[in-house]
Amino acid sequence: MTIVKLDPLPACGKRRTFLSGFTLSATAIALLAGNEKLGLVGSASAQTANNDVTILNSALGAEQQAIAAYQLGAESGLLQKPVKDLAVQFQGHHKAHADALAKAVAKLGGKPVVPMKDYHFPKEKLKSQNDVLTFAASLEKGAVSAYLGAVPILTDKDLAKAAASILGDEAMHWAVLRNALGQNPVPDAFVS
Amino acid sequence: MRLLAAFLVGLLTCAPVLAADGNAERGEEIYTRCKACHALEQNRVGPRHCGLFGRKAGSVPNYQYSAAMKKYGVTWNEETLDKFIENPLKTVPGTKMGYAGVKDPQERADLIAYLKKATSDPKICD
């Protein structure tokens, strides 16, 4: 009698091109990276410098929004001294990110986006220090995800590295804010 | 035998996921990935999401869309959203949503289930 040993991966593998990135389990991360590359083959438009400008400009828009949000927080009168100092420091990081991104966009021949006049933040819902920190944490978490969504599709490796470096900084902000809120600062082994 | 087993494994691990199978609670968590640029109620870096289902792409007032999104022409529903969110830059070449997308079909289904609920919730969206 013969025992047929089946490895599930080859069976799935044949379909990988149209089922790209099926699962996010830890063991699939490497696969996912491979799938992503497959998915981009043949899509020349996804690989142009033009796209790099688009990606950097979206990130720049998110940074400008974060700067405005920390401004609102700092001026709200809701933050106690040490927390307010932290907010101002984080805002400084976002300003540095925005400067770097704007320069990179210009270098690629693009036009850096300008900040919006009004972000329509939910001011009426920000009534305590915790409200402000929760809101800031949601923007930082979003920023981590936005950069995670930028790193694999930036054509220029140096730009991808810069984006990853910013991602790390924003993840630190997110963790510190969660800690200040009494939440588990690092809830997962992977960010998403 | 080998074929049958391979088929079963394929079914178990590779069955397509439909938006109808989405879990809105998990989707709310996935929506945190969008919040650097989007809010339900207000235009931010990206357009507001309230009223998304049944709306034409690129049609929120007072939001500066890319030319590509303005002429994309679809109406947002489960299918069109699934396709866009999987790979925005490929689905709408020239869009200014610079984001790789959500690659996992189950995560997209969850996200879309959440969006369907939240974007028509009268407590959030007026």
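Residues numbered from 1 in each chain as written. Chains lettered and ligands numbered in written order. Predicted model: local features only at pLDDT ≥ 70, side-chain atom pairs only at ≥ 80, totals over all residues. Heavy atoms only, no water.

Caption draft 1: Fine view of the overall build of chain B. Broken down by element type, chain B carries 6 helices and 0 strands. The burial tally for chain B puts 51% of its 126 residues in the buried class. Pairs at least 24 residues apart make up 46% of the contacts formed inside chain B by residues separated by at least 6 positions. In the structure as shown, chain B presents an accessible area of about 6500 Å², 57% of it carried by carbon and sulfur atoms. (Helix = DSSP H or I, 4+ residues; strand = E, 2+ residues; numbered from the N terminus. Buried < 20%, exposed > 50% of the residue type's maximum accessible area, 1.4 Å probe, protein only. Contact = heavy atoms within 4.5 Å. Areas by Shrake-Rupley, 256 points an atom, 1.4 Å probe, with all protein chains shown as cover.)

Caption draft 2: Examining the packing of helix α4 (residues 78–86) of chain B against helix α6 (residues 105–118) of chain B more closely. All names here are of chain B. At a closest axis distance of 10 Å, the pairing of α4 and α6 adopts a crossing angle of 125°. Between α4 and α6, the crossing angle belongs to the class labelled oblique. Pair α4 / α6 crosses with right-handed handedness. Contacts between α4 and α6 pair Glu 78, Leu 81, Asp 82, Ile 85 and Glu 86 from the former with Arg 108, Leu 111, Ile 112, Leu 115 and Lys 116 from the latter. (Axes fitted to C-alpha atoms, helices over the stretch in contact; angles between N-to-C directions. Parallel < 35°, antiparallel > 145°, perpendicular 65-115°, else oblique. Left-handed = near helix turned anticlockwise from the far one by under 90°.)

Caption draft 3: Looking closely at the packing of aromatic side chains. With the rule as written, the count across this model stands at 7 aromatic pairs over all chains. Where Tyr72(B) meets Trp76(B), the ring centres are 6.1 Å apart and the plane angle is 45°; that geometry is what we call tilted. Clustering of aromatic rings is evident, with ring pairs tying together Tyr119(A), Phe121(A) and Phe135(A). (Phe/Tyr/Trp six-rings, centres within 6.5 Å; stacked < 30°, edge-to-face > 60°.)

Caption draft 4: Molecular detail of the pattern of salt bridges. Tallied over the entire structure, the rule returns 6 salt bridges over all chains. Between Glu41(B) and Lys125(A) there is a salt bridge whose closest N-O contact spans 3.1 Å. Taken together, the residues Glu41(B) in the loop between α2 (24–31) and α3 (67–70) and Lys125(A) in the loop between α4 (81–107) and α5 (129–150) connect one chain to another. Notably, a salt bridge pairs Asp82(B) with Arg108(B), separated by 2.8 Å at the nearest N-O pair. Linking Asp82(B) in helix α4 with Arg108(B) in helix α6, this pair joins segments that are 26 residues apart in sequence. (Salt bridge = Lys/Arg side-chain N within 4 Å of Asp/Glu carboxyl O.)

Caption draft 5: Highlighting the nonpolar core. Grouped together as the largest cluster of nonpolar side chains are 27 residues, with contacts concentrated most on Tyr31(B), Met69(B), Trp76(B), Ile85(B) and Leu111(B). Of all the secondary-structure elements, those providing two or more residues to this core are α2, α3, α4 and α6 of chain B. Per element, the largest residue contribution to this core is 6 residues, and it comes from α6(B). Non-local contacts of Tyr31(B), meaning those with residues more than four positions away in its chain, are made with His38(B), Ala39(B), Leu40(B), His49(B), Leu111(B), Tyr114(B) and Leu115(B). Counting residues in hydrophobic clusters, the runner-up holds 22 residues, among them Ile67(A), Ile153(A), Leu159(A) and Ala160(A). (Core = buried A, V, L, I, M, F, W, Y, C linked by side-chain atoms within 4.5 Å.)

Caption draft 6: Spotlight on the state of the cysteines. Residue and element names in this part refer to chain B. Evaluation of the coordinates by the stated rule reveals 1 disulfide over all chains. The side chain of Cys 50 participates in a disulfide bridge whose partner is Cys 125; the two sulfur atoms lie 1.9 Å from each other. Here Cys 50 and Cys 125 share a disulfide; its torsion about the S-S bond, -75°, makes the bridge left-handed. With Cys 50 in the loop between α2 and α3 and Cys 125 in the segment after α6, this residue pair connects regions lying 75 residues apart in the sequence. For the pair Cys 50 and Cys 125, a shared accessibility class is recorded, and that class is buried. Its sulfur unpaired, Cys 34 is 8.7 Å from the next cysteine sulfur, which belongs to Cys 37. (Disulfide = S-S within 2.5 Å.)

Caption draft 7: Spotlight on unusual backbone geometry. With a phi angle near 50°, His120(A) is a residue other than glycine that sits in the positive phi range. Positionally, His120(A) belongs in the loop between α4 and α5.

Caption draft 8: Representation of the confidence of the model for chain B. Residues and elements named next belong to chain B. Summarising the model, chain B shows a mean pLDDT of 89, and 84% of its residues fall at 70 or more. Between residues 6–14, whose pLDDT stays under 50, and residues either more than four places distant or in other chains, the model counts 12 contacts. Reported confidence for the predicted complex is 0.83 by ipTM and 0.82 by pTM. (pLDDT = per-residue confidence, 0-100.)

Caption draft 9: Quick peek at the packing of α4(A) against α5(A). Residue and element names in this part refer to chain A. Here α4 crosses α5 at 25°, and the two axes come no closer than 13 Å. Relative to α5, α4 is oriented roughly parallel. Our pair here, α4 against α5, has a crossing hand that is left-handed. Contacts between α4 and α5 involve Val 83, Phe 90, His 94 and Leu 101 from the first element and Gln 129, Leu 133, Glu 140 and Tyr 147 from the second. The residue inventory of the contact of α4 with α5, partitioned by class, reads 5 nonpolar, 2 polar and 1 charged. (Nonpolar A, V, L, I, M, F, W, Y, C, P; charged D, E, K, R; others polar.)

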